[in-house]
Amino acid sequence: MIKKMNIIFITILICIITVCVWSVFIEPNILTVKHITIKDPALKGLKIVFASDFHIKPHEMYRLKRTVRAINRQNADIILLGGDYVNGHKKGSSMKIEKISEQFSHLQSKLGVYAVIGNHDGWQGKEEIISELEKNNINILFNNNKCFEKFCIAGVDDMQTGTPDIIQALSGTKKPVILLSHTPDIMTDVPESVNLTLAGHLHGGQIRLNEAIITPSIYGKKYANGFLNDGGKKVYTTKGLGTSILPVRFNCPPEIAVITFD
């Protein structure tokens, strides 16, 4: 009986250690490329790469370079970034924005790179981060938009550290619109005329069983990750690339999203 209990205990201990090693050291360093096709004739043929929540730590240059290479391999029409480029609340816990921005300068797409700011960027100095990104050809959308021949990209300020203004961001957009927001919590204010909203912030919950255990959203798990058609409002929330609070991911690997329209 004692021998059997010892075997059970050892088995449980091995399982716990395995899960911990996987969640801390392996899965957070996996990079997946998720392909999504969304039916929207107004945007047919458009290919987007969307990446968010980088949370680059001081020693993670390898992860940053690998992500840039993976994004470039997709040959996107346009690259969109959803914020939280830096990690933590203080600068010492993050790679310097100068180094992050320099690597972002290597991002390539037909129409360029457009981005919004996240809450961690706001906590560490929004103006400085915007300045460094723009020096490296990253176009920041700050309650405004950019229109191309067939569509417009609009972006809003971060909800936690700023004031998102959807009306101002969409002003003058008479073509199909893709809205970029760090968090999906703005969805109640997004009009149905927006073709697609792209968001991050929630990291898919980072720890998932059948679904996210918990997400930092006023709507709970509703927008935790993936594509959702919410009564005509379409949103895609990415699981993001980094980690926050706890340096773990379980059943929630980092991703970049490749979105094509049909």
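Refer to the structure above for everything that follows.
Participant: Quick one: what's the story with the packing of helix α2 (residues 61-72) against helix α3 (residues 97-104), residue by residue and with numbers?
Facilitator: Viewed as axis vectors pointing N to C, α2 and α3 meet at an angle of 25°, and their least axial separation amounts to 10 Å. Considering their axes alone, α2 and α3 lie roughly parallel with respect to each other. Classified by chirality, the crossing of α3 by α2 is right-handed. Across from Met61, Leu64, Lys65 and Val68 in α2, the residues of α3 making contact are Lys99, Ile100, Gln103 and Phe104.

Participant: Describe the side chain of Ser52, listing the residues and the values that go with them.
Facilitator: Inspection of the secondary structure puts Ser52 in the loop between β2 (47-51) and α2. For Ser52, a relative accessible area of 0% translates into the label buried. From its side chain, Ser52 meets the backbone oxygen of Gly82 in a polar contact 3.3 Å long. Setting aside anything within four residues of it in sequence, one finds Ser52 in contact with Gly82, Gly83, His182, Gly200, His201, Thr238, Gly240 and Leu241.

Participant: Quick one: what's the story with α3, residue by residue and with numbers?
Facilitator: Within α3, the full set of buried residues consists of Ile97, Ile100, Ser101, Gln103 and Phe104. Burial along α3 is one-sided: seen end-on, the buried residues are contained in an arc of 160°. Buried-residue contacts for α3 involve α2, β3 (78-81), α5 (126-135) and β5 (138-140).

Each value, and the rule that gives it
Residues numbered from 1 in each chain as written. Predicted model: local features only at pLDDT ≥ 70, side-chain atom pairs only at ≥ 80, totals over all residues. Heavy atoms only, no water. Axes fitted to C-alpha atoms, helices over the stretch in contact; angles between N-to-C directions. Helix = DSSP H or I, 4+ residues; strand = E, 2+ residues; numbered from the N terminus. Parallel < 35°, antiparallel > 145°, perpendicular 65-115°, else oblique. Left-handed = near helix turned anticlockwise from the far one by under 90°. Contact = heavy atoms within 4.5 Å. Buried < 20%, exposed > 50% of the residue type's maximum accessible area, 1.4 Å probe, protein only. Polar contact = N/O pair within 3.5 Å; in protein donor to acceptor, adjacent residues only side chain to side chain. Arc of directions from axis to C-beta.

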